[in-house]
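# Summary of the model geometry
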Amino acid sequence: MLEVVALGCERDQRKLFTGLTFRLRAGDMLRIQGPNGSGKTSLLRLLCGLTQPTNGRVELFGQTLARQRDIRASKLLWIGHAAGVKALLTVEENLTWLSALHSTGETAAIGKALAAVGLRGFEDTPCHALSAGQQRRIALARLYLPNLPNLWLLDEPFTALDTAGTEQLEAHLARHCDHGGTVVLTTHHELSKRACAYVDLDLGQYTS
Ligand SMILES: Nc1ncnc2c1ncn2[C@@H]1O[C@H](COP(=O)(O)OP(=O)(O)OP(=O)(O)O)[C@@H](O)[C@H]1O
């Protein structure tokens, strides 16, 4: 599904990592950890095709990612480290907007996803009136919409979540993998619930 071959990344003429090679299949969960600044976010951006590698390549379903610009959105779901919500839009409007790439945005599905992340009753609340954890939950509600791509790339998804929210997300990610999905996530958090096919990658070991 996703293959990384001899990948290297440089930012501002400074090498972050080199020689990274791995292959992910349906059902795999890859947790990327490493010190601040080691390049975890930079790696996820490479895996999404948002930036291009200095060396090596990323292949999605057997094709170089750079050549798949038009169809990437249908093959992978990316949630960045910022919640990415618009302060003046309501909770429901934000999720409808965030889901536009993958979902039809039907009201019933939006309502179910918001309920799944504990935001029932907040549908009409403008996002500037929410806490950081509640804003994060809007971004994560995308993971409860129907018809999503199987490959999820998540940058620090546990940021600002409380204990119950963290446990629920861990379980949801593990379930997704155990049903044939694939998850790549960056986090400093030790997962207590993992998919059956779980791999830990310490990016600090690839720093030159
Ligand atoms: N837009 C940018 N332009 C130039 N350099 C950048 C940019 N974003 C990040 N960097 C540099 O790339 C390096 C890696 O950043 P990155 O965000 O990938 O690290 P990280 O491992 O995710 O860090 P953290 O654990 O702090 O989130 C950092 O040293 C940073 O200074």
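Everything here concerns the structure above.
Residues numbered from 1 in each chain as written. Predicted model: local features only at pLDDT ≥ 70, side-chain atom pairs only at ≥ 80, totals over all residues. Heavy atoms only, no water.

## Looking at the site of the ligand
Close to the ligand lie 13 residues; Arg14, Asn36, Lys40, Thr41 and Ser42 are nearest. Note that an oxygen atom of the ligand is positioned 2.8 Å from one of the side-chain N or O atoms of Asn36. Backbone polar atom of Thr41 to an oxygen atom of the ligand: 2.9 Å apart, as the coordinates give it. Protein chains shield 61% of the accessible area of the ligand, which is 640 Å² for the free molecule. Looking at the shell around the ligand, the elements with two or more residues in it are β2 (14-24) and α1 (40-48). Considering every element that reaches the shell around the ligand, the biggest residue donor is α1, with three residues. Here the shell around the ligand is composed, by residue class, of two nonpolar, seven polar and four charged. (Near = heavy atom within 4 Å. Polar contact = N/O pair within 3.5 Å; in protein donor to acceptor, adjacent residues only side chain to side chain. Areas by Shrake-Rupley, 256 points an atom, 1.4 Å probe, with all protein chains shown as cover. Helix = DSSP H or I, 4+ residues; strand = E, 2+ residues; numbered from the N terminus. Nonpolar A, V, L, I, M, F, W, Y, C, P; charged D, E, K, R; others polar.)

## Some points on the environment of Leu43
Within the secondary structure layout, Leu43 lies in helix α1. Using a relative accessible area of 0% as the deciding quantity, one classes Leu43 as buried. Spatially, the C-alpha atom of Leu43 lies 9.1 Å from that of Ile32, the residues being eleven residues apart in sequence. Once you skip the residues sitting within four places of it in the chain, Leu43 turns out to touch Leu7, Phe17, Leu20, Ile32, Leu201 and Leu203. (Buried < 20%, exposed > 50% of the residue type's maximum accessible area, 1.4 Å probe, protein only. Contact = heavy atoms within 4.5 Å.)

## A few points about the sheet that holds strand β6 (residues 76-79)
Strand pairing in a sheet is mediated by backbone hydrogen bonds. Such pairs are either parallel or antiparallel. Pairing is parallel in the open sheet, where five strands are placed in the order β6-β7-β8-β3-β9. Both edges of this open sheet fall to β6 and β9 (197-202), since each of them pairs with a single strand only. Recorded for the sheet is a direction-independent mean angle of 10° between the axes of neighbouring strands. Two strands pair when backbone bridges link them, and strand β3 (residues 28-33) and β9 are joined in this way by six bridges, in the parallel orientation. Across the sheet, residue Arg31 finds its bridge partner in β9, namely Asp200. (Pairing = 2+ DSSP bridges. Axes fitted to C-alpha atoms, helices over the stretch in contact; angles between N-to-C directions.)

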